[in-house]
Amino acid sequence: MEKFGTVGDGSFCIDPEASVNVLLNDATELLQYARSITDLLVESLQEDEIPERQRTLLALGGVGALITMGVQCAARAHAKMEWDKV
């Protein structure tokens, strides 16, 4: 079954020189974008008309990509904090 609007692993990269603060700020921003898109989708799905399927799937794929990047930024920040302790 073909997935519509998916983003391949490794399509995004995190700057290896980014500081912990920058990584955490980026993670927060990405997760806020994901939340906002999710809220918009919830509102559109509550209307009488069902939104276009492909657009909805694309938006959900975007939410997934934003969450994945946010989690990766947070994990990298955590690893950097632990490395700095050593």
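Residues numbered from 1 in each chain as written. Predicted model: local features only at pLDDT ≥ 70, side-chain atom pairs only at ≥ 80, totals over all residues. Heavy atoms only, no water.

(A) Structural context of the packing of helix 1 (residues 20–45) against helix 2 (residues 53–85). Relative orientation of the contacting elements helix 1 and helix 2 amounts to 160°, with a least axis distance of 8 Å. For the element pair helix 1 / helix 2, the angle class is roughly antiparallel. For helix 1 against helix 2, the interelement crossing comes out left-handed. When the residues that make up the contact of helix 1 with helix 2 are grouped by side-chain class, the tally is 20 nonpolar, three polar and three charged. (Axes fitted to C-alpha atoms, helices over the stretch in contact; angles between N-to-C directions. Helix = DSSP H or I, 4+ residues; strand = E, 2+ residues; numbered from the N terminus. Parallel < 35°, antiparallel > 145°, perpendicular 65-115°, else oblique. Left-handed = near helix turned anticlockwise from the far one by under 90°. Nonpolar A, V, L, I, M, F, W, Y, C, P; charged D, E, K, R; others polar.)

(B) Just the pattern of salt bridges, in detail. A complete count under the given rule lists one salt bridge for this structure. The partner of Lys85 in a salt bridge is Glu82, with the nearest N and O atoms 3.4 Å apart. Placement of both Lys85 and Glu82 in helix 2 is noted, with a separation of three residues, approximately one turn of the helix. (Salt bridge = Lys/Arg side-chain N within 4 Å of Asp/Glu carboxyl O.)

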